[in-house]
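Observations on chain architecture
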Amino acid sequence: MDSLSPPCDVPRWSKLPSDLLHMVFERLGFSDFQRAKSVCPFWRSASIESAPNNQIPWMILFPEKGKDYCLLFNPEENNKTYRIQDLGVNFANSHCLAICGSWFFMRDPRYKLYIMNLFTRERIDLPSVESQVGMLLIERTTDDMFLVTSKESIGYKYNQEDLRIDLPFFWIDQKTKDYFVTCYLEGRVTAYAENGDKFWKQADLKISGDVVYKEHKLYLYDYKRDVKVFDFSGDSPRKIVETQVNHDPLCTKGMSRRVYPELGDVWDIKDTHLVVTVKGEFLRVKSIVKSDGDVWSFRIYKMDSSQSEWEKITSLGDEAILLDQRTTVLANAVQGIKRNSIYFSGIHHDYVFHRVWSEKDILNYSLDTHKIERPPPSFFSNVQSSDARWFVPN
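Computed from a predicted model, the values in this text were never measured in an experiment. (Residues numbered from 1 in each chain as written. Predicted model: local features only at pLDDT ≥ 70, side-chain atom pairs only at ≥ 80, totals over all residues. Heavy atoms only, no water.)

**Some points on the environment of Phe105**
Inspection of the secondary structure assignment puts Phe105 in strand β5 (residues 103-107). Setting aside residues up to four positions removed in sequence, Phe105 forms contacts with His95, Cys96, Leu97, Ala98, Leu113, Tyr114, Ile115, Leu126, Pro168, Phe170, Val181 and Thr182. (Helix = DSSP H or I, 4+ residues; strand = E, 2+ residues; numbered from the N terminus. Contact = heavy atoms within 4.5 Å.)

And the structure:
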């Protein structure tokens, strides 16, 4: 009787050469990459040395606190939605501070800080908030409060339940896991930590606007519309660039008028972000919405060659802005990215006057047409969301 088994010398797709599999994997988008590595143990092993060819922004939707899952929206796959489940009780009660690739900078209810890869579940615990080296000391009291003491101000000491962690930003190398995490702590000092640190280091860098970290450089934007760049590749930060705009907001707008929401006042809510492009240029992006509305508009300014003036621009060319990451991507190099547009997910800090984040804040804004495109309503229909961000999974 003839055997139904294939001859031993017939090649099997499950035993393709690793080099060939790597060539295939590196041409796949993120979703197809995940499917391919699930084919068999050999393909999964080969995928470890590869990375998907993906720069298309996805949307992550965080449900209400206490839910240990999240939803992912992929615009490229006919608006397909994925659910990632069983992320754990700690994740379910944590708050997302910032995102880099597939890594998320999280804070749990007791202010334990960590970064976590959403897909591999790998977690890196950061130094405790009490482990500070610098002018600001933080202690946790017996009643689970925080005692904050400043060395530079005699008698400056107070107790509080929550800590102010403003302008969080982080970067991580996807392969080596080298990372840099920073935030503006208690409105007084810039705290930062790198891989291997057992404590938070502090730098006397005042931040009154926005912050970006890229290629060992920290970019600070202030209320005078100036940008300062500090090199963090050495033992201590070193200033290497400072623009000379020196804008005085009182000279152009005067004092802001007082508004009374209870009397029906309507006003503009504005937020400004610094963006560092793929070429290293500075952009200032202003987002604007009425206090009683959900129709966003945007203005973009580029630092001129003299580094003393912001020039208004109306086109990004073949780039697109990922405002959550404070960067741009080349849209002409990747099919699926909307060129000359802004990927926006709302204002995420806590000091927006009388306005609550909503799902209508999630959008892509075209600078060509000035039109807004939002995820389909079905994406939000089965979950009570608490936050959402655009990110580039890898």
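On we go.
**Digging into the sheet that holds strand β17 (residues 217-221)**
Ordered by their spatial adjacency, four strands build an open sheet running β16-β17-β18-β19, and the pairing between neighbours is antiparallel. Of all strands in the sheet, those bounded by a partner on one side alone are β16 (210-214) and β19 (238-242). Direction aside, the axes of adjacent strands within the sheet are offset by 25° on average. Relative to β17, β16 runs antiparallel, the two sharing five bridges. In the strand pairing of β17, Asp210 is matched with Tyr221. (Pairing = 2+ DSSP bridges. Axes fitted to C-alpha atoms, helices over the stretch in contact; angles between N-to-C directions.)

**Section: helix α1 (residues 18-25)**
Taken as a whole, α1 has its buried residues at Leu21, His22 and Phe25. Down the axis of α1, the sector holding all buried residues measures 105°, keeping them to one side. (Buried < 20%, exposed > 50% of the residue type's maximum accessible area, 1.4 Å probe, protein only. Arc of directions from axis to C-beta.)

**Structural notes on the sheet that holds strand β1 (residues 58-63)**
With respect to topology, four strands assemble into an open sheet ordered β3-β2-β1-β29, the strand pairing being antiparallel. Each edge of the sheet is formed by a strand with only one pairing partner; in this case those strands are β3 (80-84) and β29 (385-391). Neighbour to neighbour, the strand axes of the sheet diverge by 20° on average, direction disregarded. Relative to strand β2 (residues 70-74), β1 is paired through three bridges, and the arrangement is antiparallel. In the strand pairing of β2, Ile60 is matched with Leu72.

Keep in mind these values describe shape, not function.
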